Amino acid sequence: MTDIERMLRGKSIAFRIRSTVKYTIFPNLFRAGLQLQYSDENIKVKAGGGGADKNIVIFDRSEEKIIHTLKGHTKKVTSIVAHPSEKAVLSASPDALLKIWDIDHGSCKFSMKIHDSGITGLSLHPTNNYILASSTDQHWSLSDINNGKLLCKIADQSVTHGLTCCQFHPDGLIFGTGTTDSLVKIWDLKEQKIAANFPGHSGAISAIAFSENGYYLATSADDEVIKLWDLRKLKNFKTVSLDDKYTVRSLTFDSSGHYLAVAGSDVRVYQISKQCDLVTTFSAHTNDATNVRFGPNASYIASVSLDRSLKFYSAN
């Protein structure tokens, strides 16, 4: 059982978490509009944040210090992905550039102008060799991160204003995209065609996330609900209603697929079941949380926010 599972279990969990969770706070590390990813090199865990100052910050949690500040984008950084085994970070921005960075040297290896307008999402293929990007130009693209070459660029001609996000399924054979037209679409990578449509939201799709076991998909939009889909049945099995004017900016499952973390008006965790119980809420940020992630082996939860802080939540 992971630390997070120990931390989350029990009927009186909300009370126990609020009284036992340790907050580690690093204020003013980043500016507004943050994204967060991890790279576990067995020795150090690094968190990268990209923000409205157009920079990417590589932060070493174990040493509690900034390693690099990567500069090169001309507009705010909206998506970053840390490579799980290589010392590399990939970033994207409304400047339409996809950049691959060398963490060791703090330098840019490749800068690719693939799309005609802003990139809205990035997702690393499970082989760790290819990067998926979505864009407001109504296209998604796949590139080889080893040589910085574009492999394909496919248009979703049914979308009126563009794609809002993207995410690979853990099997690497399919992936999902969110649209400004309230639809979540599942694509067959090999056929480069839409395999399924998931309607039901209203407003632009804000986030999508697949569970690591491949069974579930979580989606959100500008409609104050989270929808959970069973991919084996292609069916929405639960719609979670949120507070009035609640904004969802990020969704992520833990490695077991039993818990879903949400970043937005606060940071919260749901247990995936028929009821989808809310097990805890973290209200430590003073502004919207922009991203949340479970740490390696679910040993902690981390979040970043428009309040310019990075926070870690772990069991004492």
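For clarity, every value in this text was computed on a predicted model and none was experimentally measured. (Residues numbered from 1 in each chain as written. Predicted model: local features only at pLDDT ≥ 70, side-chain atom pairs only at ≥ 80, totals over all residues. Heavy atoms only, no water.)

1. Focus: the sheet that holds strand S22 (residues 248–253)
And step 1. On the basis of which strands lie adjacent, the open sheet formed by four strands has the order S22-S23-S24-S25 and antiparallel pairing. Every interior strand has two partners, whereas the edge strands, S22 and strand S25 (278–282), have only one. Adjacent strand axes in the sheet meet at a mean angle of 20° when their direction is disregarded.
And step 2. Note that strand S24 (residues 267–271) and S25 share four bridges and pair antiparallel. What sits directly across from arginine 268, in S25, is threonine 281. (Pairing = 2+ DSSP bridges. Helix = DSSP H or I, 4+ residues; strand = E, 2+ residues; numbered from the N terminus. Axes fitted to C-alpha atoms, helices over the stretch in contact; angles between N-to-C directions.)

2. Comments concerning the sheet that holds strand S13 (residues 149–155)
Hydrogen bonding along the main chain pairs the strands of a sheet, whether they run parallel or antiparallel.
And step 1. If you trace the four strands from one edge of the open sheet to the other, you get S10-S11-S12-S13, paired in antiparallel fashion. Here the strands that pair on one side only, and so sit at the sheet edges, are strand S10 (119–124) and S13. The average undirected angle you get between the axes of adjacent strands in this sheet is 20°.

3. A look at the pairing of S25
And step 1. Of all five residues in S25, four are buried, a share of seventy percent or more.
And step 2. Turn length for the S24-S25 hairpin, with the two strands adjacent in sequence and antiparallel, is six residues, and the turn residue cysteine 276 shows positive phi of about 55°. (Buried < 20%, exposed > 50% of the residue type's maximum accessible area, 1.4 Å probe, protein only.)

4. Side note on the state of the cysteines
And step 1. In this structure the tally under the stated criterion is zero disulfides.
And step 2. The thiol of cysteine 165 is not disulfide-bonded; the next cysteine sulfur, from cysteine 166, is found 7.2 Å away. (Disulfide = S-S within 2.5 Å.)

5. Concerning unusual backbone geometry
And step 1. Positive phi, normally seen in glycine, also occurs at glutamate 224, with a value near 65°.
And step 2. Overall, the relative accessible area of 27% leaves glutamate 224 in the partly exposed class.
And step 3. Its identity is not glycine, yet arginine 308 carries a phi of approximately 70°, on the positive side.
And step 4. Among the structural elements, arginine 308 can be located in the loop between strand S27 (301–305) and strand S28 (309–315).
And step 5. Note on arginine 308: relative accessible area 32%, which makes it partly exposed.

6. Remarks on the pattern of salt bridges
And step 1. Counting across every chain of the model gives eight salt bridges.
And step 2. Between lysine 185 and aspartate 156 there is a salt bridge, with the nearest N and O atoms lying 3.0 Å from each other. Of this pair, lysine 185 sits in strand S16 (residues 184–188) while aspartate 156 sits in the loop between S13 and strand S14 (163–168); the two residues are 29 residues apart in sequence, bridging distant segments of the chain.
And step 3. Note on lysine 185: relative accessible area 3%, which makes it buried.
And step 4. Taken together, the shared-partner salt bridges in this structure form one network comprising Asp116, Asp137 and Lys153. (Salt bridge = Lys/Arg side-chain N within 4 Å of Asp/Glu carboxyl O.)

7. Brief notes about the packing of aromatic side chains
And step 1. Tallied over the full model, the rule gives nine aromatic pairs.
And step 2. Both rings, one in tryptophan 140 and one in phenylalanine 175, keep their centres 4.7 Å apart while their planes meet at 70°; by these two values the pair is edge-to-face. Of the two residues, tryptophan 140 is situated in strand S12 (residues 139–144) and phenylalanine 175 in strand S15 (residues 174–179); the sequence distance between them amounts to 35 residues.
And step 3. The exposure class of tryptophan 140 is buried, given its relative accessible area of 0%.
And step 4. A ring pair is formed by tryptophan 140 and tryptophan 187, whose centres lie 5.6 Å apart and whose planes are at 70°; its orientation type is edge-to-face. On the criterion of sequence distance, the pair formed by tryptophan 140 in strand S12 and tryptophan 187 in strand S16 is long-range, its members being 47 residues apart.
And step 5. Pairwise contacts between aromatic rings join Trp140, Phe168, Phe175 and Trp187 into one cluster. (Phe/Tyr/Trp six-rings, centres within 6.5 Å; stacked < 30°, edge-to-face > 60°.)

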